[in-house]
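Residue-level listing of the chains:
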Amino acid sequence: MPGPPARYCCRLVQWCHGAAGFIPTMVKAHEVLGSSTGSYLAAASRAADTLWERGLLRKGVGLCHGIAGNGYAFLSLVGGCRCRCRRTAALTSA
């Protein structure tokens, strides 16, 4: 998994204030609130695309600012969307 391109230097992908934390939140919103349009899962999928494009987060291995947070985010989406590419992303982060 490549590192992030320079053009993404300001996009946040950490669990605590970025895409990685947003994904499980949107998946849970879909589970609890439902959505006839699938908008919560669509938002989670867009965040996962950002996470995947940015590559491996190199701040450590923890949930908040590390690889574990990215892996957890991808795993939470695997159950919601049943998409093979999300499963690959989750396994790559693991």
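Remember, predicted model here, so these are calculated numbers, not experimental data. (Residues numbered from 1 in each chain as written. Predicted model: local features only at pLDDT ≥ 70, side-chain atom pairs only at ≥ 80, totals over all residues. Heavy atoms only, no water.)

1. A look at the nonpolar core
Ile23, Val27, Ala44, Leu51, Phe74 and Leu77 are the most contacted members of the largest nonpolar core, which totals 17 residues. Broken down by secondary-structure element, the contributors of at least two residues to this core are helix H1 (19-33), helix H2 (39-54), helix H3 (67-81) and helix H4 (84-93). With 6 residues, H2 is the largest single contributor of residues to this core. (Core = buried A, V, L, I, M, F, W, Y, C linked by side-chain atoms within 4.5 Å. Buried < 20%, exposed > 50% of the residue type's maximum accessible area, 1.4 Å probe, protein only. Helix = DSSP H or I, 4+ residues; strand = E, 2+ residues; numbered from the N terminus.)

2. Describing the environment of Tyr40
As for its position among the elements, Tyr40 is in helix H2. Residues Tyr40 and Ile23 lie 17 residues apart in sequence; the distance between their C-alpha atoms is 9.1 Å.

3. So, H4
For H4, the complete set of buried residues consists of Arg86, Ala89, Ala90 and Ser93. Considered in projection along H4, the buried side chains sweep an arc of 100° and stay on one side of the axis. Turned more than 90 degrees away from the buried face of H4, the exposed residues are Arg84, Arg87 and Leu91. (Arc of directions from axis to C-beta.)

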